[in-house]
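# Coordinates in review
The chain contents come next:
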Amino acid sequence: MEITRRESGNIVILDINGEIDLYNAPEIKDVIAKLIEEQKYYTIINLEKVSYIDSSGIGALISSLSNLKKYQGGLKIINVAGSVRKVFELTKLTSFFEIFDNEADAVSAFK
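Read on for a plain summary of the structure. Predicted model, so just to flag it, every value in this text is computed and none were measured. (Residues numbered from 1 in each chain as written. Predicted model: local features only at pLDDT ≥ 70, side-chain atom pairs only at ≥ 80, totals over all residues. Heavy atoms only, no water.)

Across the sheet, five strands lie side by side as β1-β2-β3-β4-β5; this open sheet has mixed pairing. Single-partner strands in this sheet number two, and they are β1 (2-8) and β5 (98-100). If you compare each strand with its neighbour and ignore which way they point, the axes differ by 25 degrees on average. Strand direction decides the pairing type here: strand β2 (residues 11-20) and strand β3 (residues 42-53), joined by nine bridges, are parallel. Bridge pairing in β3 links Ile 13 to Ile 44. The sheet strands contacting helix α2 (residues 55-69) are β2, β3 and β4 (74-78), and the helix crosses β4 at an angle near 140 degrees. (Pairing = 2+ DSSP bridges. Helix = DSSP H or I, 4+ residues; strand = E, 2+ residues; numbered from the N terminus. Axes fitted to C-alpha atoms, helices over the stretch in contact; angles between N-to-C directions. Contact = heavy atoms within 4.5 Å.)

With respect to the helices and strands, Gly 57 occurs in helix α2. Spatially, the C-alpha atoms of Gly 57 and Leu 22 are 6.8 Å apart, while their sequence positions differ by 35 residues. When near neighbours in sequence (up to four residues on either side) are disregarded, Gly 57 contacts Ile 20 and Ala 25.

Time to look at the environment of Tyr 41. Counting through the fold element by element, Tyr 41 comes out in the loop between α1 (25-37) and β3. Distance in space between the C-alpha atoms of Tyr 41 and Gly 74 is 6.4 Å, their sequence separation being 33 residues. Filtering out sequence-adjacent residues up to four positions away, Tyr 41 remains in contact with Ile 36, Leu 68, Tyr 71, Gly 73 and Gly 74.

Here's what the structure looks like:
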């Protein structure tokens, strides 16, 4: 898994590439913790290039969202497709997370 960071104003976009599983899920939490240290509380996670996510990946996203909310921040998820979308639907997390089809919609949802 590889995480690339971009910024759009006060919003950080994390492009994730690869599989999110037990071995690398903590990396997502670490990146979010660093963002909080930098006082960046608005995050968009782009799952366009993620082919697989397991329960530990979902757990990392949930805890990241909770941590950001402590600072009145938020986490939006974009470009969820295929088997990754199925995981979100089966776990009923489509109602827990704000999921958008594209970056522009997610960015404007923060405003």
